Each structure stands twice: as structure tokens, then as C-alpha cells.
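Single-letter residue listing:
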Amino acid sequence: MTVINTFKEKKREKQIKYEKSVLREISIKALKEKVQQFFGSSRFVSGLMMNAGIEEACYDVAIEAYLLGANYSRFGRFGESLDQVRHRCEKEYKHLVDTLYNFFLYWGHGSEAVMSESLYYMCEQYVNSWWSEGFNKGERRHKLRLH
């Protein structure tokens, strides 16, 4: 008897394999450094960072943004610029920014009303940094034919 796989199952297996290979290039040290770099100077966020769950949420968003950039890097190989590719995945990109921002708002219990706009921009820069890094690593993998 032969096992019949559907196209969706095969596509998902291939995606998981690619994501595992891309994630090998991220270190926990790099995740911690970027969290400190982007959110360490903010008085509001540094007070929240005492909670380990918030730092882990930052790591989760960073990994998702990195994978999003790596997955969309294939369009860069076809001649699209970084901005064109980012526009292509705008919905997912915005969702990651909003998720991180809303997470900070939730755990801040409304005490950040004065800083909410600057906090949003910090979240946007953080996601953009990880997305760009994933995009660049993915482009390099495509050039080296490691995909």
C-alpha cells in the first residue's frame, strides 16, 4: 500500500524544514541584545522587563518577524526591492507590530498613556530590524542555494 500525502501536507513539511534551517542562524544572545538595544532605554519598558513573560513575548515576535522576512526573501531574488517586498507582506508585518504593542499596553495597565506613540514606534523599529535581518539571511540562503 502507498501512503497518499496531500499537497498541503507536503508544503507544510517543506516550510517547517526551511524554518528550522533558517532558525539555526539566530542565537539567544542576539535576541537578548536586541531587546536591550530597543527597549532597554525606555523607562516604561525597562520597568516591565522585570517580568520574564514580557521578554519572552519580545523573543516570540522577533522570531516570527525573522521568519516572515526569510520567507518573503524569495521575492527579492526576482528583483523586488526591500520596500516592495515589505509592502507585499504588510498585513502580517503590521500584525506583529500591533501584537507586541498591545502586549506592552496590556502589561503596563494603562500607565504608559503619555508614551504610547513612542512605544509604538519602538515596537515598529524592533519588528523592522528582525524582519530585515531575516530578509537578508533568506536572500543569502537563496543565493547560496540553501533553500
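Calculation criteria
Residues numbered from 1 in each chain as written. Predicted model: local features only at pLDDT ≥ 70, side-chain atom pairs only at ≥ 80, totals over all residues. Heavy atoms only, no water. Axes fitted to C-alpha atoms, helices over the stretch in contact; angles between N-to-C directions. Helix = DSSP H or I, 4+ residues; strand = E, 2+ residues; numbered from the N terminus. Left-handed = near helix turned anticlockwise from the far one by under 90°. Contact = heavy atoms within 4.5 Å. Nonpolar A, V, L, I, M, F, W, Y, C, P; charged D, E, K, R; others polar. Buried < 20%, exposed > 50% of the residue type's maximum accessible area, 1.4 Å probe, protein only. Polar contact = N/O pair within 3.5 Å; in protein donor to acceptor, adjacent residues only side chain to side chain.

Novice: Explain the packing of helix α2 (residues 28–39) against helix α7 (residues 116–143) to me, please; I cannot follow it from the model alone.
Specialist: The description of two helices packed together rests on the angle between their axes and the distance between the axes. Packing of α2 against α7 brings their axes to within 10 Å, and their N-to-C directions diverge by 145°. Two packed elements cross with a definite hand, and for α2 against α7 that hand is right-handed. Residues A30, L31, K34, V35, F38 and F39 of α2 pack against M122, C123, Q125, Y126, S129, W130 and E133 of α7. Across the contact of α2 with α7, the residue classes tally to nine nonpolar, two polar and two charged.

Novice: Which parts of the structure should I look at to understand the side chain of R141?
Specialist: By secondary structure assignment, the location of R141 is in helix α7. Taking the relative accessible area as the measure of exposure, R141 reaches 9% and is therefore buried. Looking at R141, its side chain comes within polar contact range of the side chain of E25, at 3.1 Å.

Just distances and angles here, no functional claims.
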